[in-house]
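Read off the chains here:
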Amino acid sequence: MEKSGSTDSGECKPFSSRQPSVDSIASTSTCPSDRSSHLKPPVTHSSDALSTSTEVSLELQVGTSITTLGNCHKLAQEEPQLIPKESIQDIAKEVTYICPFSGAIRGTLSVTNYRLFFKCTDRDTAFALDLPLGVINRIEKIGGVSGRSEVSYGLVCKDMRNLRFAHKVQEGSFKKSIFEVLMKFAFPLSYGMEIFAFQYGQIFPESGWKVYDALSEYKRQGLPNESWRITKMNEHYELCDTYPATLVVPVTIPDEELKRVAAFRAKGRIPVLSWIHPESQATVTRCSQPMVGVNGKRSKDDEKYLQAIMDANAQSHKLFIFDARPSVNAAANKMKGGGYESEDAYQNAELVFLDIHNIHVMRESLRKLKEVVYPNIEESRWLSNLESTHWLEHIKLILAGALRIADKVESGRTSVVVHCSDGWDRTAQLTSLSMLMLDAHYRTLRGFQELVEKEWLSFGHRFQLRVGHGDRNHSDADRSPVFLQFIDCVWQMTRQFPSAFEFNEYFLITILDHLYSCLFGTFLGNSEQQRVKEELPERTVSLWSYINSQLEEFTNPLYVNYSNHVLFPVVSMRHLELWVGYYVRWNPRMRPQEPIHQRYKELLAKRAELQNRVEELQREVANRSGPSSEKAGSPTVAPVQT
Amino acid sequence: MFSVKPLKPTFKSYLPPLQTELTKTPQPTINKLEAKLLPGEIVVNEVNFVRKCIGAESSRDDLWGKLICTNFKISFVTHDALPQQKFQYANRLLGEHDVPLACVEQVVTVNDAKGKQKVLGSNQKLKFNPTELIVYCKDFRIVRFRFDEAGPESAKKVCLAIAHYSQPADLQLLFGFEYVGKRHCAPSGDQVNGADRAGGPQTPLFDRTCDWDREIKRTGASEWRVCSVNEGFSVSPSLPEYFVVPVSLADQDLKQYSGFFTAQRIPLWCWNHHNGSALVRMASIRDPAQQRKLDQRICNAVTRSHPKRGDVLKSDLDKSLPSIQDVQAAFVRLRHICVIEPFEESEEKWLSSMESSRWLEYVRAFLKHSAEVVYMLEGKQASVILQEEEDRDLSCVVSSLVQIMLDPHFRSLQGFQSLVQKEWVMAGHRFLDRCNHLKRNDKEEAPLFLLFLDCVWQLMNQYPAAFEFTETYLTVLSDSMWVPVFSTFLFNCARQHTEHSRDFARSKNIPLGRDKALRFPPVWDWSQQFTLKDQALFNSPLYVGKGGPCVQNGAVKSFKRTKKNYSSTLRGMPSLRNGLLGEHDYFPRRSSLVLRLRPDFSQLREAAESPSERFFGDWLSRPPDLQGLLLPQLLPSHLKLWRLYFLRWVPEAQISRGGPITAFHKLSLLADEIETLQRQLRQYKGGAPPSSAPASAPGTPQPEQRRMYFKADTPRDPPSPPDYLSSSFPFSPVGNLCRRSILGTPLSKFLSGAKIWLSTETLASETL
């Protein structure tokens with residue numbers, strides 16, 4: 001036990017057949033009180049692995065390869081340690097990295113088909129930069145600083161930093177600059193190449209592509225039931241090409257009518273069920289805007305459809321329609337054929353606008369935020385600068401909208417319909433956040449993966465367009481940090497309810513890092529249809545495969561599995577904070593903070609050791625006093641492991 | 001009673017209380033409503049059928065009862081219980097609805113019908129009968145009473161009495177004197193006096209030479225000595241009788257020098273670094289002609305007391321830090337935006353209002369300055385002299401922060417208390433004036449002690465496992481400033497304490513016996529205010545102490561090994577799973593698997609960086625040793641509003657079943673389990689198996705006091721977190737913040753908030 005998980009961890013501890021090590025105790029989110037019966041997924045993971053010896057060896061392999069993948073640098077090396085299928089494309093010596101924090105640093109720059117690696121060669125300094133090319137948003141050549149012989153390149157990154165390099169070019173040399181090579185591999189799609197995720201062939205113990213299965217998720221929710229049915233109408237993505245194959249619709253609406261409803265909703269995105277309350281049967285449904293247009297077109301089918309959604313919930317005679325947009329924007333959409341539901345046409349429905357701005361406003365807000373946090377923070381005007389970015393204000397509006405939805409469903413027992421214009425940006429934010437408030441399942445590590453798979457990926461949030469994977473067109477107006485905002489909102493909730501989530505901050509940051517990295521296939525493509533067509537599950541690795549192979553890293557030790565706990569966060573600037581651990585992490589003055597968690601793990605280890613000792617003594621005492629008092633020696637203290 | 005001093009004629013009119021009111025009451029139950037009085041406490045005036053407002057919007061939850069003004073507090077007694085009150089943190093000296101008079105900031109009377117409003121001062125007249133009384137408190141509460149059904153005259157009298165008694169004309173009219181006087185006379189003795197204070201480890205008060213001796217020994221300050229030149233306060237009126245000076249300075253020198261310093265304040269030793277450098281505080285030198293010579297002498301003496309004859313650096317605090325008026329102004333602005341301004345309306349500009357209050361900026365300035373002093377002591381191994389005009393305000397904050405950063409002893413509960421005693425109480429911080437207990441001079445009022453507590457909170461927020469105590473402790477400590485019975489916060493200096501308590505005893509003919517004066521209890525005697533059970537809320541489950549509270553009594557030997565292991569794997573280290581990194585790894589585990597790109601700058605210091613920045617940078621790049629040096633992270637993005645303190649009464653800001661307390665709760669259960677196991681082990685070691693029956697193990701109450709407030713007795717997770725947990729815990733905003741409702745909220749406001757949309761069902765299930 002003295003090793004306490006520090007050194008032996010390299011050997012894949014959860015799978016060893018020895019006594020459970022300290023770390024595995026921590027990983028399974030033990031708390032003194034949840035040991036009784038609520039064993040949830042993470043534990044089954046380790047017990048599965050114990051079953052056969054072949055599996056154990058497989059695990060070991062994986063373990064070591066994860067290692068090479070993760071810790072790609074020994075400091076002494078000038079070149080990165082490569083991951084499977086990664087190869088060096090170019091190396092340039094005598095490159096200067098112009099660090100905004102400590103000035104010019106000279107070193108060697110390597111570019112692979114996956115990453116950029118810069119290693120300082122000066123003296124004995126240990127400085128390295130190592131980033132996946134996917135995070136690069138834009139590469140620009142900046143005019144030579146000192147005469148013609150030196151060129152300088154600026155890298156604008158999607159993860160809140162800018163990097164600047166300079167290097168000498170040999171006159172008359174025909175050799176391409178390393179930055180031209182970099183350009184090609186940073187934006188492979190623009191150069192007719194494939195994204196690296198299609199080459200990376202790492203094998204993980206379980207496939208993350210199987211994390212989410214629509215049917216079993218709906219089954220978990222108790223669906224189908226007497227009011228809701230599962231339709232295969234969209235099996236071949238013919239009803240709506242941006243929706244998933246499996247949809248849940250009211251029992252009373254036959255498939256034929258769905259088509260007519262689809263004709264009235266933008267991009268055919270009809271209202272479908274996202275979540276149903278286990279007791280009240282109030283539902284969260286999502287869709288796109290109705291095609292009302294300037295003339296105020298109506299659709300009997302659509303009206304009947306919404307009535308059916310309301311009728312499916314016997315508890316309430318009202319239906320709330322939450323339009324995520326500001327009312328002005330919603331009205332302006334009429335010019336383009338869209339619009340919103342008029343309360344005349346939809347009896348018993350109440351329409352509420354949630355005032356959340358569009359993708360362009362959000363993109364601009366993030367741009368401003370980056371200016372405020374990178375590279376340096378202006379000390380005297382930090383808060384007002386932050387306020388002027390409106391970033392937290394947007395976060396607040398999104399959370400406030402989700403809170404209103406959750407409140408209507410939970411406390412008002414009323415069903416809600418959520419939409420924005422197309423129903424794949426703000427709608428996804430609102431439904432997923434309200435589900436996170438309403439359903440503790442989504443607050444588990446695996447539940448959260450399902451939530452992302454379901455509300456974001458399967459319902460067609462356009463990740464490819466919003467992130468711009470491998471595409472050099474950095475000024476594309478379709479790019480927007482919509483998913484980042486969602487993760488930020490989740491982080492805000494974890495701050496207010498530190499023991500309500502099974503995952504930790506590191507988990508959220510990892511998701512965001514791999515949103516851009518192009519290492520995994522998870523966030524590639526724009527819709528389920530595209531992913532199926534491009535065979536992403538077969539040809540790429542899922543982010544969840546990696547995450548689920550080391551869940552312990554991502555587990556919040558303070559998690560308490562309160563099953564009926566609906567979260568009502570306080571959506572106020574008094575509690576919202578800038579996510580310093582993400583946005584300010586490149587600042588060397590910033591120290592990552594997770595001391596509570598670390599300390600908790602120490603305490604867990606301490607408890608485990610004490611328990612062992614107490615049990616030992618109890619056994620001793622029992623042996624000494626003979627069989628008569630054997631029972632007294634049974635472990636009466638908190639059980640060692642859950 | 002207050003009869004010591006001749007009473008001013010005006011309040012004779014409403015003294016004594018009108019007994020006739022009581023006999024007239026139709027409901028007999030009301031008769032039973034009596035204020036709970038402390039020794040020496042008397043009822044001044046009271047009024048029945050008063051409504052205490054609970055909600056701003058409706059009177060649905062309002063409480064009916066009797067409002068009483070005593071010479072100690074405003075008391076509201078009622079038979080009604082607060083709606084959905086599931087938890088109560090009780091102060092033994094105060095009832096649930098009581099406000100000590102010393103805590104009253106402003107008394108406002110309102111007459112709705114006439115549309116009149118008046119801020120009441122002492123000895124003022126009130127020309128209308130109030131229908132409403134609003135009391136603004138120094139601890140940020142706002143309590144509201146309605147007199148719709150009460151006798152108008154008696155209501156008025158109570159209001160006047162409150163206004164009058166909350167502004168005592170003389171120090172000896174503060175309730176503490178009556179209280180301590182009565183308790184001194186009481187036969188039980190109640191161990192207020194003398195050495196027999198409550199059991200358990202005691203906080204040294206530094207009013208005796210032995211306390212200083214011990215501190216010298218503890219810090220290894222062998223070249224420093226305790227001097228008693230100020231015995232009987234014969235040299236300086238504001239210095240303590242005993243303090244510490246360089247060995248090389250003789251009493252004769254000190255006496256000679258004293259005349260040149262402001263208020264004869266000779267330089268005081270505060271603390272010694274183990275490298276030999278010392279922290280010293282001193283007042284300014286009045287006579288410019290003497291300045292250089294004296295400076296030189298003092299510096300020489302300090303150098304001579306440094307084993308390596310290290311440099312002496314001087315830090316002029318008046319020049320580098322905000323003044324006490326600045327701090328007060330910031331505090332007033334912050335209070336305004338936190339509790340006075342309507343919640344929704346202030347949302348939009350919250351961040352910039354916070355910034356323009358400048359409170360956090362000042363917190364940062366004090367932390368930063370202290371960190372620089374730390375650098376001089378630790379990094380440059382130089383002794384530091386903190387200089388301030390009077391050496392009684394800014395230096396208290398800086399010297400104590402420096403010591404907290406450098407010396408883990410002061411991060412333990414006892415250590416922290418001794419620090420406050422040493423650097424604040426004994427050094428002569430003018431608590432009486434800064435708290436403005438006598439409401440005489442508003443210009444002297446300044447919340448420096450609160451500022452200090454906020455700075456400590458920032459450190460605690462950044463390094464929670466480094467402190468033995470909790471933010472609840474800091475909050476309760478700050479609240480205790482407004483309970484005027486503790487020696488800690490009542491006086492400007494030790495001499496004032498001694499003289500006034502002697503005079504009071506004399507004038508009251510209280511036999512003092514062997515004591516020279518009445519002894520006020522220090523606030524550190526927490527049993528006066530809280531039960532042992534409630535005091536457990538002061539203990540942090542995370543604390544990594546010297547040997548740790550978890551390895552108390554050294555019962556678990558093998559722990560030491562484990563512990564070492566753990567402290568070496570403290571945070572900052574890479575994910576263990578990925579192995580390999582070993583010593584080579586300098587990348588914090590924060591960055592994700594493939595994105596380990598956070599650069600390390602520790603070896604890249606350019607010349608542009610100042611040595612102190614390099615020192616901070618180096619320190620920040622290493623995992624902190626919680627039992628060693630602790631430096632604050634000073635990026636403005638790292639300084640936070642101390643929400644528990646500033647927002648605890650704001651109902652709209654309360655996160656129900658959430659907030660940091662939910663994590664604390666879970667941690668406490670684990671810490672308690674560990675404690676239980678350790679007790680069992682000790683019992684085994686002691687020979688006897690733990691009381692034979694297995695059931696006795698975790699469940700049954702133990703004779704020993706358990707450290708944690710939340711105990712691991714219930715093994716199963718409840719379906720939802722305990723109702724009483726909220727971000728305000730252990731305080732409750734219910735009935736404690738009653739702003740007048742704002743009518744006609746515009747729609748835009750409606751859209752930008754959140755709470756107000758919550759359906760009534762939700763609101764009903766919350767503690768509002």
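Residues numbered from 1 in each chain as written. Chains lettered and ligands numbered in written order. Predicted model: local features only at pLDDT ≥ 70, side-chain atom pairs only at ≥ 80, totals over all residues. Heavy atoms only, no water.

What follows is about the overall build of chain B. Looking only at helices and strands, chain B features 25 helices and 14 strands. Summarising the internal contacts of chain B: among those between residues at least 6 apart in sequence, 72% fall at separations of at least 24. Summing over all exposed atoms, chain B offers an accessible surface of approximately 29100 Å²; the carbon and sulfur share of this is 53%. (Helix = DSSP H or I, 4+ residues; strand = E, 2+ residues; numbered from the N terminus. Contact = heavy atoms within 4.5 Å. Areas by Shrake-Rupley, 256 points an atom, 1.4 Å probe, with all protein chains shown as cover.)

Right, let's talk about the nonpolar core for a bit. Across soluble globular proteins, nonpolar side chains show a tendency to be buried alongside one another. The biggest cluster of nonpolar side chains holds 366 residues, and the ones touching the most others in it are Phe165(A), Phe448(A), Phe483(A), Tyr583(A), Phe416(B) and Phe452(B). With near-sequence residues (within four places) excluded, Phe165(A) lies in contact with Val95(A), Thr96(A), Tyr97(A), Leu109(A), Leu116(A), Phe118(A), Leu129(A), Val151(A), Ser152(A), Tyr153(A), Leu155(A) and Phe179(A). By size, the runner-up hydrophobic cluster in this structure holds 36 residues, among which are Cys227(B), Ile266(B), Ala301(B) and Ile385(B). (Core = buried A, V, L, I, M, F, W, Y, C linked by side-chain atoms within 4.5 Å. Buried < 20%, exposed > 50% of the residue type's maximum accessible area, 1.4 Å probe, protein only.)

Residues and elements named next belong to chain B. Read from one edge to the other, the open sheet built from eight strands follows the order S4-S3-S2-S1-S8-S7-S5-S6, with strand pairing classed as antiparallel. If you trace the sheet from one side to the other, it starts and ends with strand S4 (99-100) and strand S6 (116-120), each paired once. Across the sheet, helix H3 (residues 152-165) lies against strand S1 (43-52), strand S2 (63-70), strand S3 (73-78), strand S5 (104-111), S6 and strand S7 (132-137), angled at about 120 degrees from S1, the strand it touches most. (Pairing = 2+ DSSP bridges. Axes fitted to C-alpha atoms, helices over the stretch in contact; angles between N-to-C directions.)

What follows deals with helix H12 (residues 394-406) of chain B. With 13 residues, H12(B) should cover 18 Å at 1.5 Å per step; its first-to-last C-alpha distance of 18 Å lies within 8% of that length. Most of H12(B) is tucked away: 13 of the 13 residues are buried. (Expected span 1.5 Å × (residues − 1).)

All names here are of chain A. Summed over all chains, the structure comprises 73 salt bridges over all chains. The residue Lys-304 makes a salt bridge to Glu-257 at a minimum N-O spacing of 2.9 Å. Taken together, the residues Lys-304 in helix H7 (residues 300-311) and Glu-257 in helix H6 (residues 255-264) connect sequence positions 47 residues apart. Given the relative accessible area of 13%, Glu-257 is considered buried. (Salt bridge = Lys/Arg side-chain N within 4 Å of Asp/Glu carboxyl O.)

Let us look at a positive patch on the surface. All names here are of chain B. Positive charge collects at one region of the surface, where Lys-114, Lys-116, Lys-125 and Lys-127 lie side by side. Topologically, Lys-127 is positioned in the loop between S6 and S7. We classify Lys-127 as exposed; its relative accessible area is 80%. (Patch = residues over 30% accessible without salt bridge, like charges linked within 9 Å, V, L, I, M, F, W, Y side chains within 5 Å. Lys, Arg positive; Asp, Glu negative; His and termini not counted. Charge placed at Lys NZ, Arg CZ, Asp CG, Glu CD.)

Another aspect to go through is the packing of aromatic side chains. Residues and elements named next belong to chain B. Taken as a whole and judged by the stated rule, the model has 80 aromatic pairs over all chains. Here the aromatic rings of Phe-140 and Phe-331 are separated by 5.6 Å at their centres, their planes lie at 55 degrees, and the arrangement is tilted. Of the two residues, Phe-140 sits in the loop between S7 and strand S8 (142-146) while Phe-331 sits in helix H9 (residues 324-340), which places them 191 residues apart along the sequence. What makes Phe-140 buried here is its relative accessible area of 1%. Here the aromatic rings of Tyr-473 and Phe-538 are separated by 5.2 Å at their centres, their planes lie at 75 degrees, and the arrangement is edge-to-face. Of the two residues, Tyr-473 sits in helix H16 (residues 471-479) while Phe-538 sits in the loop between helix H19 (532-535) and helix H20 (559-568), which places them 65 residues apart along the sequence. Looking at Arg-648, its charged tip hangs above the ring of Phe-731, at a distance of 4.6 Å from the centre. (Phe/Tyr/Trp six-rings, centres within 6.5 Å; stacked < 30°, edge-to-face > 60°. Lys NZ or Arg CZ within 6 Å of the ring centre and 35° of its normal.)

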